[in-house]
Amino acid sequence: DASAELVLAAAGQDPFPEGIVFQTPDLGPDGRLALTLRRRQRMVALLDPDGTLHPAGGGCQLGWIPGGGGLLCVDDGARGGNAIHRQDPGTGRRNLLFDALGTHRHEYFPRMARDGRWLVYAASAGGHEHDTADYEIFLWQVGAPMDAAHRLTAHTGNDCWPDLWIP
């Protein structure tokens, strides 16, 4: 039945232990699901449509780049504790894409424009908690100097989960 719900992943069902938490799922063009898994430790992974799990690193977030450009991955290191990397989904090889300068250096929630020319992300000056930290939204033209990111918001509330649509 086409209207029946299809469960792609569930805690307590192989290969996922009971109590695992799924975060930031992103369905790719080839049917693979990129997601963050948290329990005793965190990891990012790719889940094939047949249920095969492929660990993709110890990062925090993993999401598809439009047009088959690979994956965006937020991982440790860099100036503010996090940086945004471009990851090859086949080899797992990562290259640094963006590492913010200035006061807001803890990057999260990256999204890339469909044409691959712009990156929108949120960053905090200190806090890390997704739902309570003071994240601000920034826009960066891919390939420009890293200090050329433009701050789009200035609010003490939580600005996160940005998306970018450019006609």
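Owing to the predicted nature of the structure, the values given are computational and were not obtained by experimental measurement.

**Student:** Teacher, can you tell me more about the pattern of salt bridges here?
**Tutor:** In total, this model carries five salt bridges according to the counting rule given. One salt bridge connects arginine 117 with aspartate 115, and the closest N-O pair in it is separated by 3.9 Å.

**Student:** Where do I start with a nonpolar patch on the surface in this structure?
**Tutor:** Taken together, the side chains of Leu6, Leu8 and Leu27 make up a nonpolar region of the molecular surface, amounting to roughly 330 Å² of accessible area. On the secondary structure map, leucine 27 appears in strand β1 (residues 21-27). Residue classification places leucine 27 among the exposed positions, given a relative accessible area of 53%.

**Student:** What's the story with the packing of aromatic side chains in this structure? I'm lost.
**Tutor:** Geometry of an aromatic ring pair is reported as the spacing of the ring centres plus the angle between the planes. Across all of its chains, the model carries seven aromatic pairs by this definition. Note on phenylalanine 98 and tryptophan 140: the rings are 4.7 Å apart at their centroids and 45 degrees apart in plane angle, and the pair reads as tilted. Taken together, the residues span a long stretch of sequence, with phenylalanine 98 in strand β8 (residues 94-98) and tryptophan 140 in strand β11 (residues 135-141) at a distance of 42 residues. Geometrically, the ring pair formed by phenylalanine 109 and tyrosine 135 is edge-to-face, given 5.1 Å between the ring centres and 75 degrees between the ring planes. A residue pair is termed long-range when its members are at least 10 positions apart, and phenylalanine 109 in strand β9 (residues 106-112) and tyrosine 135 in strand β11 qualify at 26 residues. Accessibility expressed as a relative area gives 0% for tyrosine 135, which makes it buried. Joined through ring pairs, the aromatic side chains of Phe98, Tyr121, Phe138 and Trp140 make up one cluster.

**Student:** What am I meant to see in the environment of tyrosine 108 here?
**Tutor:** As for its placement among the helices and strands, tyrosine 108 is situated in strand β9. Taking the C-alpha atoms as reference points, tyrosine 108 and glutamine 141, separated by 33 residues in sequence, lie 17 Å from one another. Apart from residues lying up to four places away in sequence, tyrosine 108 is in contact with Arg38, Cys60, Gln61, Val74, Asn82, Tyr121, Ala122, His128, His130 and Tyr135.

**Student:** Can you help me understand unusual backbone geometry in this one?
**Tutor:** Comment: phi is negative for the bulk of residues other than glycine, and the bulk of peptide bonds are trans. The linkage connecting aspartate 14 with the following residue, proline 15, adopts the cis geometry, with an omega of 10 degrees. Among the structural elements, proline 15 can be located in the segment before β1. Phi angles above zero are rare outside glycine, and threonine 24 is one such case at about 45 degrees. In this structure, phenylalanine 109 takes a positive phi of about 55 degrees despite not being glycine. Taking relative accessible area as the criterion, phenylalanine 109 reaches 4% and is therefore assigned buried.

**Student:** Can you help me understand the nonpolar core in this one?
**Tutor:** Within soluble globular proteins, side chains that are nonpolar generally end up buried alongside one another. Grouped together as the largest cluster of nonpolar side chains are 24 residues, with contacts concentrated most on Leu72, Ile84, Leu97, Phe98, Leu119 and Tyr121. Those elements giving two or more residues to this core turn out to be β6 (71-76), β8, β9, β10 (118-124) and β11. In terms of residue count, β10 provides more of this core than any other element does, six residues in total. Here leucine 119 is in contact with Leu72, Ile84, Phe98, Pro110, Arg111, Met112, Phe138, Leu139, Trp140 and Val142, once residues within four sequence places are set aside. Counting eight residues, the second largest nonpolar core, distinct from the first, contains Ala34, Ala56, Trp64 and Cys73.

**Student:** What is the right way to read the sheet that holds β10 from this model?
**Tutor:** Through backbone hydrogen bonds, the strands of a sheet pair up, either in parallel or in antiparallel fashion. Here four strands make up an open sheet; going across it, the order is β9-β10-β11-β12 and the pairing antiparallel. Strands with a single pairing partner mark the edges of an open sheet, and in this sheet they are β9 and β12 (150-151). When β10 meets β11, the two strands line up antiparallel, connected through seven bridges. The residue bridging valine 120 from the neighbouring strand is leucine 139, located in β11.

Conventions we followed
- Residues numbered from 1 in each chain as written.
- Predicted model: local features only at pLDDT ≥ 70, side-chain atom pairs only at ≥ 80, totals over all residues.
- Heavy atoms only, no water.
- Salt bridge = Lys/Arg side-chain N within 4 Å of Asp/Glu carboxyl O.
- Patch = residues over 30% accessible without salt bridge, like charges linked within 9 Å, V, L, I, M, F, W, Y side chains within 5 Å.
- Areas by Shrake-Rupley, 256 points an atom, 1.4 Å probe, with all protein chains shown as cover.
- Helix = DSSP H or I, 4+ residues; strand = E, 2+ residues; numbered from the N terminus.
- Buried < 20%, exposed > 50% of the residue type's maximum accessible area, 1.4 Å probe, protein only.
- Phe/Tyr/Trp six-rings, centres within 6.5 Å; stacked < 30°, edge-to-face > 60°.
- Contact = heavy atoms within 4.5 Å.
- Core = buried A, V, L, I, M, F, W, Y, C linked by side-chain atoms within 4.5 Å.
- Pairing = 2+ DSSP bridges.

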